[in-house]
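# Structure at a glance
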Amino acid sequence: MADIAYQEGNYFLALEKYQKVEIRDMHSCELKYKIAKCYLKSPFKVKEALPYLKYLIQNDCDDVAVDYLYFYAHVLQLQHNYIEAINYYNEYLENETTLKKEFDDVELKIKQCENGIKLGSIQSSSSETTAIMDIPINTSYDESAPIISKRDNFIVFSSKRQVDSYNYVYGDQYAFLPKDLESADRDIYLSYRKGVQFSHPYPQFDGDYREIYPLYVEDGSYMLLYIEYPSDAIDKGNIYETKVKKGRWQKPKKLNSKINSNHTEKGAIIANNGTTIYFSSNRPGGQGGFDLYKSIRVGKDDWSKPINLGPTINGPNDEVFPYVHNDNKTLYYSTNGILSMGGFDIVKSTKEGANWSRPKNLGAHVNSPFNEMQFSQIPSKRYSYFTSDRQDQQSVGGKDIYAIFKPVHKMKRAIVTGKIKVLKNGQSLPITLLVKDNSNITYKKYVYDPSPDVGKFFMILPPSKNYSIIIKYNDSELYTLNIDLPKDTYRYQLDKEFELKEIEVFNKVVGYDVIPNETRFEVTTFDELKNQNQEEVTDARYDALLMLMEMIVDRTDKDGLANLNDLDDPIKDISLPNTSNTSNSPDPYYTPLLDLIEKAFNEADPSLLTSLDSVRGDQGDKVVKVPSLNLKQNVIVEERYYFPEKEFDISTENKLSLNELSTFLKERDNIVLDVVWFSSEDENKTLSSVDQLNEMRMNSILNYLAAKGVSRWKYHIKNKTIKTSQDNACILLSVRIK
Amino acid sequence: MKKHFQDISFKKLLLIISGFIFLLSIENAHAQFDEYERKAAMVNTFAKFVNWPTKAFKENNKLVLGILGDDPFGDVIDNMFKNRYVNGRQWEIRRGNSIKDLKGSHIVFMTQGFSNDEIKSLLSEIYEKNNSFVLTIGDNIPNFCKNGGIINLTPNGLYTLNIVSANKAQLTIDVKLLNLASDIIPYDPD
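Residues numbered from 1 in each chain as written. Chains lettered and ligands numbered in written order. Predicted model: local features only at pLDDT ≥ 70, side-chain atom pairs only at ≥ 80, totals over all residues. Heavy atoms only, no water.

Our next topic: the overall build of chain B. A count of helices and strands for chain B gives six helices and 10 strands. Across the 190 residues of chain B, 46% fall into the buried class. Split by element, the accessible area of chain B, about 9,700 Å² in all, is 50% carbon and sulfur. (Helix = DSSP H or I, 4+ residues; strand = E, 2+ residues; numbered from the N terminus. Buried < 20%, exposed > 50% of the residue type's maximum accessible area, 1.4 Å probe, protein only. Areas by Shrake-Rupley, 256 points an atom, 1.4 Å probe, with all protein chains shown as cover.)

Here you go:
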């Protein structure tokens, strides 16, 4: 009777009967073998088979199939005891028996054990953690196929729980669920995210299914799903699609025969803006077992002939449940081939040009010797979900849903915000900012210029660096502010206002006076928050910051949005200070401070020391030239004064011009005058009479300027050779910014 | 039992976030570089403008800074001085609560918290030997230079300097250090 129950798959009853008989017949190898085989089918307690299998080994039982060696190795493998497992797999291989060996995948199993050893010894470079999802997402029944929405606001999954029962957990007293607790219900459930938890899940379909699970969900209004109706052959369900209409899912519609073949399909996902479907099928013509295929959408409801993804992805074993990340460059799927450490493992391949890279196992922090499959992920990659039937201290029972959490690396970015305004005649000017660090790297991403009205600016920069913020107006660099972001800064508030006055000489605007007011700034670091017991606040604020970034980027910077995730990825973030840097260079963050102090000593300027608590480079008024002037660098005014032949007296017209120039020069300390007189080229260095006249003309001008109150230190005398006819009988006055 | 899908509107999200930002704004005025970053940088610069006799250095040729008392620098001074050289010499930083702990230091930075008598006794312990070659720097310690210390940092960002104590310690002080001292004490406390 127990044998019949076993053959019918009623392992609960079979185990109960075998154990009753075992009490009377304690030394029966056959009984031990049968009990072990029952436990091997247990969704909760496979490891209970170990003592029975060990008994068979220790007693050299030859009246049962030698497969017990294989089973023993298999259970050891499930317990992560890979070395012992390899030994027993080898023993099974080497055992000479007249009985037929049932299993021919021993070499693959040994290879998988070797993978287990290798992957277990690799420390995960990421700080990802995997944890089982709480009740009521998981129950003692099978939960599988977690498909997370792109915005991480809801999850759909399949559950075999009793629809109308809330008794989900039965503890660990059962090897199999008893008959009265068995559930014939199958449905897809939906649960909304509630903070870090998920709300109570609700069933979405109300039908009679042998199997139903979601494959892909889009915006909560479209779903791909696998359904096996009772009328279908066992394990021969099909892929369906459904849409939401008036808040309800429509009756699922089967995809056409290009996708649903006469064979079996396991997993499908729509990618690339709905244009491509990836799916798994064991149809003939592949690399063996289940293979991954892709097909392109043709018209509204049709698909192109499926293309096998090729031998890099598909092998002689099974490849199932493909998942393509939003970037369309990362493919996750499950395989029970040579990349696995046992059962199905989730692997990842990235697109390199037109080809997929060699897939890699996600590692021991995700996979186990049990089956991991049905992977899904949110676009930021912070949360991923998968199904596993592993049996460990975490597991609730049968298949469970697990979440992988990739923590955000906090304190990596500082918000620099505040107001920078440049006012001209009381009106705010549209200005732009150019941000460079002390390695002269320009920061463009996440640098948002001041708004034209109130001057509010926003930028996200790595801390522990010194930056120059160059304020530009109409291509003129008006001013440079140097700021230092201490490590652990999370906010640097900077407020600065300038007044811009036009400099007018000879009736034209030649430059601007830039007059800064006092700089106001505040640095807030994480340390201060910690001192105030506000760690939680910090977390929340960072979450808010990330959201804020997402919004700002969404509105103004598509490229920035696409790369936002890289902010969390220290590997992709080249701008971050490299903490593992073992080079012999000093921390550049302190270099400006040390340079400034040294400068104070070298120039004997105590004001530099006493003003160390202000913003560096905040050095008062500045003159900026109009960029459109066709003059040499820093020159804002250039005027030629011509004299009649043989005369050196200044004409009345020129005197008026010089008066204006004198007034301009006297008002400012930050400009100088170059007085250029021209002479002919002479190898003997002697002055010709014409040259002497020119020198006298220059002296006339200098005397006139002196009479008008222009100090001697305000000008430099330069002599140049006559190059063109316009240099004849002429004195050139050139005003330049110091 | 079925639940339909819904979205949080953009406006609602914006409202939530601005609420967050408003609630969590914490006002904390700060200097560009904080006090002990500035003081550490001053110590580094002092070392550049003080000349020690060659015999003050051991084989490894390192310039040893000893911090006496409760270290106010944290990891700032380690980060700032790491891989920086003063006249070709690498820094070594030691911390201790007694002169004995800091034996072999070329600079002793005396932190706040010592009494006047303790300062006197610590300074005399440092300078009791003829060949001490130690530049003593006080962290704004009252009467530090009058009690025989060489440099005392003052709250205005400058320092006072006792040139006689420096001479006694056989240290040559560059004129640039004298230029910026807010006060120079020209006498021997003894």
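Moving on, we get to the overall build of chain A. Check the secondary structure of chain A and you find 14 helices and 40 strands. Put simply, chain A has 738 residues, and 51% of those count as buried. For chain A, the proportion of contacts with a sequence separation of at least 24, taken over those separated by at least 6, is 59%. A total accessible area of about 35,800 Å² is found for chain A, and carbon and sulfur atoms account for 48% of it. (Contact = heavy atoms within 4.5 Å.)

All names here are of chain A. You can see Tyr-174 is positioned in the loop between β3 (154–159) and β4 (187–194). According to the relative accessible area criterion, Tyr-174 is partly exposed, its value standing at 23%. Distance in space between the C-alpha atoms of Tyr-174 and Ser-42 is 9.1 Å, their sequence separation being 132 residues. Excluding residues within four positions of it along the chain, Tyr-174 makes contact with Phe-44, Lys-45 and Leu-181.

We now examine the nonpolar core. Formed by 51 residues in total, the largest nonpolar core has its most connected members in Phe-601 of chain A together with Phe-46, Trp-52, Leu-135, Tyr-159 and Leu-177 of chain B. If one sorts the elements of this core by residue count, helix α2 (residues 35–48) of chain B sits on top with seven residues. Counting residues in each nonpolar core, the second largest holds 48 residues, with Ala-2, Tyr-39, Leu-50 and Tyr-92 of chain A among its members. (Core = buried A, V, L, I, M, F, W, Y, C linked by side-chain atoms within 4.5 Å.)

Contact pair helix α11 (residues 591–602) of chain A / α2 of chain B: the axes reach a minimum separation of 9 Å and the direction vectors enclose 50 degrees. Here α11 of chain A is positioned oblique relative to α2 of chain B, judged by the angle of their axes. The handedness of the crossing between α11 of chain A and α2 of chain B comes out as right-handed. Residues Leu-593, Leu-594, Ile-597, Glu-598 and Phe-601 of chain A of α11 of chain A pack against Glu-37, Arg-38, Ala-41, Met-42, Asn-44, Thr-45, Phe-46 and Lys-48 of chain B of α2 of chain B. A breakdown of the residues in the contact of α11 of chain A with α2 of chain B according to their chemical character gives seven nonpolar, two polar and four charged. (Axes fitted to C-alpha atoms, helices over the stretch in contact; angles between N-to-C directions. Parallel < 35°, antiparallel > 145°, perpendicular 65-115°, else oblique. Left-handed = near helix turned anticlockwise from the far one by under 90°. Nonpolar A, V, L, I, M, F, W, Y, C, P; charged D, E, K, R; others polar.)

Residues and elements named next belong to chain A. Within the structure shown, the criterion is met by 41 aromatic pairs over all chains. Seen from their ring centres, Tyr-383 and Tyr-385 are 6.4 Å apart, and the 15 degrees between their planes marks the pair as stacked. Like Tyr-385, Tyr-383 is buried. Where Tyr-589 meets Tyr-590, the ring centres are 5.1 Å apart and the plane angle is 70 degrees; that geometry is what we call edge-to-face. For the pair formed by Tyr-589 and Tyr-590, the shared burial category is buried. Positioned above the aromatic ring of Tyr-402, the side-chain terminus of Arg-390 is 4.6 Å from the ring centre. (Phe/Tyr/Trp six-rings, centres within 6.5 Å; stacked < 30°, edge-to-face > 60°. Lys NZ or Arg CZ within 6 Å of the ring centre and 35° of its normal.)

All names here are of chain A. The grouping of Lys-111, Lys-118, Lys-348, Arg-358 and Lys-360 at the surface amounts to a positive patch. Position of Lys-118 relative to the elements: it lies in helix α7 (residues 106–121). Given the relative accessible area of 51%, Lys-118 is considered exposed. (Patch = residues over 30% accessible without salt bridge, like charges linked within 9 Å, V, L, I, M, F, W, Y side chains within 5 Å. Salt bridge = Lys/Arg side-chain N within 4 Å of Asp/Glu carboxyl O. Lys, Arg positive; Asp, Glu negative; His and termini not counted. Charge placed at Lys NZ, Arg CZ, Asp CG, Glu CD.)

What follows concerns the side chain of Asn-138 of chain A. Residue and element names in this part refer to chain A. Residue placement: Asn-138 occurs in the loop between β1 (129–132) and β2 (143–148). Given the relative accessible area of 0%, Asn-138 is considered buried. Of note is the side chain of Asn-138, whose polar atom sits 2.6 Å from the backbone oxygen of Met-133. A distance of 2.6 Å separates a polar atom in the side chain of Asn-138 from the backbone nitrogen of Ile-401. Look past the residues within four positions of Asn-138 in its chain and what remains in contact with it is Ile-132, Met-133, Glu-143, Val-396, Asp-400 and Ile-401. (Polar contact = N/O pair within 3.5 Å; in protein donor to acceptor, adjacent residues only side chain to side chain.)

Below, the discussion takes up helix α6 (residues 82–94) of chain A. The periodicity of an α-helix, 3.6 residues per turn, causes residues three or four places apart in sequence to face the same way. All names here are of chain A. Given a rise of 1.5 Å per residue, 13 residues ought to cover 18 Å, and the 18 Å separating the end C-alpha atoms of α6 matches this to within 8%. If you check which residues of α6 are buried, you get Tyr-82, Ala-85, Ile-86, Tyr-88, Tyr-89 and Tyr-92. Packing partners of the buried residues in α6 comprise α4 (50–58), α5 (67–78) and α7. (Expected span 1.5 Å × (residues − 1).)

What follows deals with the sheet that holds strand β10 (residues 183–185) of chain B. Residue and element names in this part refer to chain B. Here we have eight strands laid out as an open sheet, ordered β3-β4-β2-β5-β6-β7-β8-β10, and mixed in their pairing. The two strands at the open ends of the sheet, each matched to only one other strand, are β3 (85–86) and β10. Bridge count for strand β2 (residues 63–68) against strand β5 (residues 107–110) is four bridges, and the pairing is parallel. Pairing of Gly-66 across the sheet is with Val-108, part of β5. (Pairing = 2+ DSSP bridges.)

Time to look at the packing of helix α3 (residues 29–40) of chain A against α4 of chain A. Residues and elements named next belong to chain A. Between α3 and α4, whose axes approach to 8 Å, the crossing angle comes to 145 degrees. Like other packed secondary-structure pairs, α3 and α4 cross with a definite hand, here left-handed. Taken together, the residues of α4 that come into contact with α3 (itself represented by Cys-29, Lys-32, Tyr-33, Ile-35, Ala-36 and Tyr-39) are Tyr-52, Leu-53, Tyr-55 and Leu-56. Split by residue class, the contact of α3 with α4 holds nine nonpolar, no polar and one charged.

Before going further, it helps to spend a moment on the state of the cysteines. Residue and element names in this part refer to chain A. Scanning the model with the defined rule gives one disulfide over all chains in all. Two residues, Cys-29 and Cys-61, share a disulfide whose sulfurs are 1.9 Å apart. Linking Cys-29 and Cys-61, the disulfide has an S-S dihedral of approximately -55 degrees and is accordingly described as left-handed. Placement of Cys-29 in helix α3 and of Cys-61 in the loop between α4 and α5 is noted, with a sequence separation of 32 residues between them. The class for Cys-29 is buried, based on a relative accessible area of 12%. Note on Cys-61: relative accessible area 4%, which makes it buried. (Disulfide = S-S within 2.5 Å.)

Residue and element names in this part refer to chain A. In this chain, Ile-135 is followed by Pro-136 through a cis amide linkage whose omega measures 15 degrees. With respect to the helices, strands and loops of the structure, Pro-136 is situated in the loop between β1 and β2. For Gln-374, which is not glycine, the phi torsion reads 55 degrees and is therefore positive. Checked against the element boundaries, Gln-374 lands in strand β22 (residues 372–377).

Let us look at α3 of chain A. Residues and elements named next belong to chain A. Between the first and last C-alpha of α3 there are 16 Å, a value that for 12 residues agrees with the 16 Å anticipated at 1.5 Å per step. Listing the buried residues of α3 in full gives Cys-29, Leu-31, Lys-32, Tyr-33, Ile-35, Ala-36, Cys-38 and Tyr-39. Those residues of α3 that are buried lie in contact with α1 (2–7), α2 (11–24), α4 and α5. Taking the backbone nitrogen of Glu-30 as reference, a side-chain oxygen 3.4 Å away marks Ser-28 as the first, capping residue of α3.

To continue, consider the pattern of salt bridges. Oppositely charged side chains may form a pair once their charged atoms are brought near each other. Residue and element names in this part refer to chain A. Overall, the coordinates contain 25 salt bridges over all chains when judged by the stated rule. Across the salt bridge formed by Lys-34 and Glu-30, the nearest N and O atoms sit 3.2 Å from each other. Of this pair, Lys-34 and Glu-30 are both found in helix α3, four residues apart, which corresponds to roughly one turn of the helix. On the basis of relative accessible area, Glu-30 is assigned to the partly exposed category, the value being 42%. Across the pair Asp-152 and Arg-193 runs a salt bridge whose closest N-O atoms are separated by 3.0 Å. Separated by 41 residues along the polypeptide, Asp-152 in the loop between β2 and β3 and Arg-193 in strand β4 bring together distant segments of the chain. For the pair formed by Asp-152 and Arg-193, the shared burial category is buried. If you follow the salt bridges from partner to partner, you end up with Asp-3, Glu-30 and Lys-34 in one network.

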